[in-house]
Amino acid sequence: SDDGKLSFDEFKAYFADGVLSGEELHELFHTIDTHNTDNLDTEELCKYFSQHLGEYENVLSVLEDLNITILKAMDKTKKDYQEASNLEQFVTRFLLKETLNQLQSLQSSLECAMETTEEQTRQERQDPGKPEVLSIQWPGKRAARRLQRNNSLLPNSPHFSTGWIEEDSQWMTQINRLQKLIDRLEKKDLKLEPFEEEVLEENAKSHIMIVQRQMSVIEEEIEEFRLALKQYVESASTQGGCLHVSIQKLPSDSRFIVYEFWENSNAWNSHLQMNYSKTFQRSNVDFLETPELITTMLVP
């Protein structure tokens, strides 16, 4: 109610995560309420959570610095962009897009971690005696650090003990589930054919155009957007140069991703000039929270 304090109902509305029961939330509320006023003030909240920050103290500190840095960059971009050359404007757009991609990647990792830990907690509450330990594989540059860490936890390691397993098995299970999900998303089992040189003839077919369209929809406009998207996909699918259209809806937010496959770039460009395509783009002005993000790629 913007009165500088939280009642239990306000506390429950914000902190309920679908895992803790109402009784547990009530117990937590009174644990934080050291002043015994049946309301939580800022001092009590800060005191409680600051005792449990751990590594996240550094994370939140860096995020605060990042927020300030981005706002400064946005302010300078606003002042300098119109006066910049075409090349400088291009570089600015690229840097903005890359910054957004990095932040979205970080957000996806955090959302994945949240969903995995919450799901693991629910399963442990239903069947606490059977934690499932899955294989660990981290992608990319973290592989070396993962190998070093795993070697230190082998049975012949001096750090390995039954006590360690009993203490940290639940947390390791959560990590393992997250790592398995990452592996599935990255399709670790994908087998690529050996390198083979291909000589294209002059009259060979042009490359296929793959288009990824990311759209964050205003929550109140989702139903109207779905209708407009359905009409757009139905019209696009009837075009001669359209090979396939696929839609993905992310469960964690109101973001839609549309994948379009076109015979070549000319087919894609012609599609953009069609009335149904222009109608869909105009409607998105009212439906989307942020401008649509379009990525294209040519594939032989």
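These numbers come from a predicted model, not from an experiment. (Residues numbered from 1 in each chain as written. Predicted model: local features only at pLDDT ≥ 70, side-chain atom pairs only at ≥ 80, totals over all residues. Heavy atoms only, no water.)

Draft legend 1. Spotlight on the overall build of the protein. Scanning the protein from terminus to terminus reveals 10 helices and 6 strands. A buried classification covers 23% of the 300 residues belonging to the protein. (Helix = DSSP H or I, 4+ residues; strand = E, 2+ residues; numbered from the N terminus. Buried < 20%, exposed > 50% of the residue type's maximum accessible area, 1.4 Å probe, protein only.)

Draft legend 2. Representation of the sheet that holds strand β3 (residues 208–216) within the structure. With antiparallel pairing, the 4 strands of this open sheet are ordered in space as β4-β5-β3-β6. Every other strand in the sheet has two partners, leaving β4 (242–249) and β6 (293–299) as the edge strands with one partner each. Averaged over all pairs of adjacent strands, the angle between their axes in this sheet comes to 15 degrees, without regard to strand direction. As judged from the 7 bridges shared by β3 and β6, these two strands associate in the antiparallel manner. Looking at β6, one finds that Val 211 is bridged to Thr 296. Sheet contacts for helix α5 (residues 86–126): β3 and β6; angle to β6, the most-contacted strand, approximately 95 degrees. Strands in contact with helix α10 (residues 275–287) are β3 and β5 (255–262); relative to β3, the strand with the most contacts, it is inclined by about 25 degrees. (Pairing = 2+ DSSP bridges. Axes fitted to C-alpha atoms, helices over the stretch in contact; angles between N-to-C directions. Contact = heavy atoms within 4.5 Å.)

Draft legend 3. Summary view of the UniProt feature "domain: EF-hand" (unreviewed entry) in the protein. In the numbering used here, UniProt assigns the "domain: EF-hand" (unreviewed entry) feature to residues 20–55. In residues 20–55, helix accounts for 56% and strand for 6%; the two terminal C-alpha atoms are 23 Å from one another. (UniProt positions renumbered as here; feature names shortened; annotations may be inferred.)

Draft legend 4. Main features of the layout of surface pockets. As a volume, the second largest pocket reaches approximately 400 Å³. Around the second largest pocket sit 14 residues that line it, and Leu 100, Gln 104, Ser 216, Thr 290 and Pro 291 are the ones nearest its centre. Among the elements of the structure, α5 and β3 are those that each provide at least two residues to the lining of the second largest pocket. Residue composition of the lining of the second largest pocket, grouped by class: 4 nonpolar, 6 polar and 4 charged. A domain split of the lining of the second largest pocket shows at least three residues from each of domain 2 (55–114) and domain 3 (208–299). (1 Å grid on protein atoms, 1.4 Å probe; cavity = no way out; pocket = protein on both sides within 12 Å on 5 of 7 lines; lining within 4 Å. Points joined across faces, edges and corners; volume = space filled by probe spheres on them. Nonpolar A, V, L, I, M, F, W, Y, C, P; charged D, E, K, R; others polar. Domains from an automatic or database assignment.)

Draft legend 5. Broad picture of the environment of Leu 229. With respect to the secondary-structure elements, Leu 229 resides in helix α8 (residues 222–237). We classify Leu 229 as buried; its relative accessible area is 4%. Linking Leu 229 and Val 258, residues 29 residues apart in sequence, is a C-alpha distance of 9.5 Å.

Draft legend 6. Focus on the packing of aromatic side chains. One pass over the structure, following the stated rule, counts 12 aromatic pairs. Every member of this aromatic cluster is reached through a ring pair, and the members are Phe 8, Phe 11, Tyr 14, Phe 15, Phe 29, Tyr 48 and Phe 49. When the ring centre of Phe 256 is taken as origin, the NZ or CZ atom of Lys 249, which lies over that ring, is 5.7 Å away. (Phe/Tyr/Trp six-rings, centres within 6.5 Å; stacked < 30°, edge-to-face > 60°. Lys NZ or Arg CZ within 6 Å of the ring centre and 35° of its normal.)

Draft legend 7. Spotlight on the environment of Ala 16. Looking at the secondary structure, you find Ala 16 in the loop between α1 (8–15) and α2 (22–32). Among the residues examined, Ala 16 registers a relative accessible area of 41% and is labelled partly exposed.

Draft legend 8. Main features of the confidence of the model for the protein. When pLDDT is averaged along the protein, the result is 78, and 76% of the positions lie at 70 or above. Of all the helices and strands in the protein, helix α6 (residues 142–151) carries the lowest mean pLDDT, 43, while β5 carries the highest, 92. The model gives residues 130–167 a pLDDT under 50, and that stretch makes 39 contacts with residues more than four places away or in other chains. (pLDDT = per-residue confidence, 0-100.)

Draft legend 9. Structural view of the packing of α8 against α10. Packing of α8 against α10 leaves a shortest axis separation of 10 Å and a crossing angle of 165 degrees. Relative to α10, the element α8 is oriented roughly antiparallel. Along this stretch, α8 crosses α10, giving a crossing that reads as left-handed. In this structure, α8 uses Glu 224, Phe 225, Ala 228, Leu 229, Tyr 232, Ser 235 and Ala 236 to contact α10, whose residues at the interface are Tyr 276, Ser 277, Phe 280, Ser 283, Asn 284 and Phe 287. Grouping the amino acids of the contact of α8 with α10 by side-chain chemistry returns 8 nonpolar, 4 polar and 1 charged. (Parallel < 35°, antiparallel > 145°, perpendicular 65-115°, else oblique. Left-handed = near helix turned anticlockwise from the far one by under 90°.)

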